[in-house]
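# A look at the structure
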Amino acid sequence: MKLLLGPMVEIMKENEFSSAEIILMRLIGLVAIIFTLGLIFSPELFWDDFLKIYVWDPIVKDAGETGDAGYTPVNTAIYILTMIAAVIVFQAWFRRWNLPTNDQMVWSLIAWVCVAPLLRVMEDADYFSEGVDLLFISPLIHLNLATWLIISAIIGVISKKSSLHMMSLILFVYIVFSGMLVSPSMHEHEIGHGWIFLGTFGGIIAIVVSIHNTWNWHHVPRAMLSLALGIITMGCGYLAQLAATPWSQELGHMPKDNPVLWPVLVVVVLPLIVTWLVWRKGVEDLSMLRLTGNEVGVIPEGMTLKEWESEDRSSHAVEMLSNKGMLATPMVAGMLFGQLCDGLATMVGIDWFGYKEKHTVSLKVIEIGDSLGILGEGAWLFFLLKATLAGLIIWLFSQMRIEKNQQHLRVLIVLAVMIVGMAPGLRDILRLILGV
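Because the structure is predicted, anything quoted here is derived from the model rather than measured.

## Section: the overall build of the protein
Counting secondary structure elements, the protein contains 17 helices and zero strands. Counting over 436 residues, the protein shows a buried share of 47%. Contacts in the protein between residues at least 24 apart in sequence constitute 78% of all its contacts with a sequence separation of at least 6. Total accessible area on the protein is roughly 22,100 Å²; 69% of this is exposed by carbon and sulfur atoms. Seen as two clouds, the 27 positive and the 38 negative side-chain charges of the protein have centres 9 Å apart.

Here you go:
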């Protein structure tokens, strides 16, 4: 009887919320109720004196002719606290829904992180018509794309038994996304349509190929990856059209004629090489670890972390192989590439091409670097900080041991790190090579 009840008890624990998670969810609900009632009964205080000043006005300004509205300490704090709360709450629900935390899920999330900078650069280039452009400004772009990501995940759930059903629904959502948010703004500009057509049609092909070649994937990351790849392919078509037949931006400027080769080599290729070298160091250990039936950094099921640390486990496969095996996971690859890409893109853009930093914390770091008078405008210090941060995060992840029910938290922490690293890094290099 104990052998039968043991696994059931563990499943129930994984499907339950902790007391801290319940408190946070109730707190978020309370804040939502307070702000909803405040906007109804006291709009002057909640909207005019707070949300409009610190959240809405920067979004509108960022989408307008001035563009690139800076961040303030207040809205920076709001966004950071919101992201931390979202990570904790979503990991709890993902654990309860028993969503996968394997490499497939991480790759699909990386694909969605790459969607954001592509569409954001289109907004930077003043492609989207007035009103629609607000949906591609932070933080609305994250809410916008999160909605489509969730839709793709739902499609994965309802069509898990039929690839054809999944393909049909993903293609339908792709067409709706393009028809509602992207293609209507094409008529705002006098441009060619060849690359746009190829990109849009290529997105359809990417979805079909993705679903066909991921038949052995879990249905949720399979659907998420397919829609993301379709949108990425479509976005590349629009950016290629910008490069081929540039359209005038709101201030009347055409894209700058920036060099392409060496910035791409420094900002993209160099981080890819470093990431690949790090990846190689852990491939063998990760493969051996998974052959034993264990996952990197995850202690055996049925044990608590306290029980695991109460004895010497140095001879166990998890302890012997996790430290290096973690280096060959997409979690580490995404974080490392993202942080290096962001740091190098910021350094190249500011110190060599005259771009400006808009985030308050990053700006302070750059100002300190500039005051040292060593190189350029001081963004070199930001790169060094990013590289150090990447190394520290990877070391912490390699040393970290977690229980099975904590895997969702680990994945969403990785997603948050990539959102603040890979997404702005790719956006910066795309802006630079397109002269936006």
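## Focus on the nonpolar core
Most often, soluble globular proteins have nonpolar side chains that are buried together. Among the nonpolar cores identified, the biggest contains 104 residues, and Trp112, Phe177, Val182 and Ile231 are the most heavily contacted of them. The residues touching Val182, leaving out its near neighbours within four places in the chain, are Met122, Tyr127, Phe128, Phe177, Met234 and Tyr238. Core analysis: the next-biggest nonpolar cluster, separate from the first, contains eight residues, Val55, Tyr71, Tyr79 and Ile137 among them.

## Quick look at the confidence of the model for the protein
Residues at a pLDDT of 70 or more form 94% of the protein, whose mean pLDDT is 90. Least confident of the elements in the protein is helix 1 (residues 2-14), whose mean pLDDT is 41; most confident is helix 8 (residues 194-213), at 97. Taken as a whole, residues 1-12 scores under 50 in pLDDT and shows one contact with residues more than four places along the chain or in a different chain.

## Concerning the environment of Ile28
Here Ile28 lies in helix 2 (residues 19-41). Once the C-alpha coordinates of Ile28 and Ala85 are considered, the two residues, 57 residues apart in sequence, prove to be 8.3 Å apart. Those residues within four positions of Ile28 in sequence are excluded, and the remaining contacts are Ala85 and Val89.

## Considering the pattern of salt bridges
In total, this model carries twelve salt bridges according to the counting rule given. Measuring nitrogen to oxygen at the nearest pair gives 3.9 Å for the salt bridge that ties Asp124 to Arg431. Taken as a pair, Asp124 in helix 5 (residues 103-124) and Arg431 in helix 17 (residues 422-434) lie far apart in primary sequence, 307 residues in all. This pair shows no difference in class: Asp124 is buried, exactly as Arg431 is. A salt bridge links Glu295 to Arg290; the nearest nitrogen and oxygen atoms lie 2.9 Å apart. Counted as one network, the salt bridges with shared partners bring together Arg120, Glu123, Asp124, Arg427 and Arg431.

## Concerning the packing of helix 10 (residues 261-291) against helix 13 (residues 330-353)
Between helix 10 and helix 13, the least distance of the axes is 9 Å, while the angle of their chain directions is 155°. Comparing the axis directions of helix 10 and helix 13 gives the class roughly antiparallel. The handedness of the crossing between helix 10 and helix 13 is right-handed. In contact with Trp262, Pro263, Val266, Val267, Val268, Leu270, Pro271, Leu272, Val274, Thr275, Val278 and Trp279 of helix 10, helix 13 contributes Pro330, Ala333, Leu336, Phe337, Leu340, Cys341, Leu344, Ala345, Val348, Trp352 and Phe353. Its residues assigned to classes, the contact of helix 10 with helix 13 shows 22 nonpolar, one polar and no charged.

About the criteria used
- Residues numbered from 1 in each chain as written.
- Predicted model: local features only at pLDDT ≥ 70, side-chain atom pairs only at ≥ 80, totals over all residues.
- Heavy atoms only, no water.
- Helix = DSSP H or I, 4+ residues; strand = E, 2+ residues; numbered from the N terminus.
- Buried < 20%, exposed > 50% of the residue type's maximum accessible area, 1.4 Å probe, protein only.
- Contact = heavy atoms within 4.5 Å.
- Areas by Shrake-Rupley, 256 points an atom, 1.4 Å probe, with all protein chains shown as cover.
- Lys, Arg positive; Asp, Glu negative; His and termini not counted.
- Charge placed at Lys NZ, Arg CZ, Asp CG, Glu CD.
- Core = buried A, V, L, I, M, F, W, Y, C linked by side-chain atoms within 4.5 Å.
- pLDDT = per-residue confidence, 0-100.
- Salt bridge = Lys/Arg side-chain N within 4 Å of Asp/Glu carboxyl O.
- Axes fitted to C-alpha atoms, helices over the stretch in contact; angles between N-to-C directions.
- Parallel < 35°, antiparallel > 145°, perpendicular 65-115°, else oblique.
- Left-handed = near helix turned anticlockwise from the far one by under 90°.
- Nonpolar A, V, L, I, M, F, W, Y, C, P; charged D, E, K, R; others polar.

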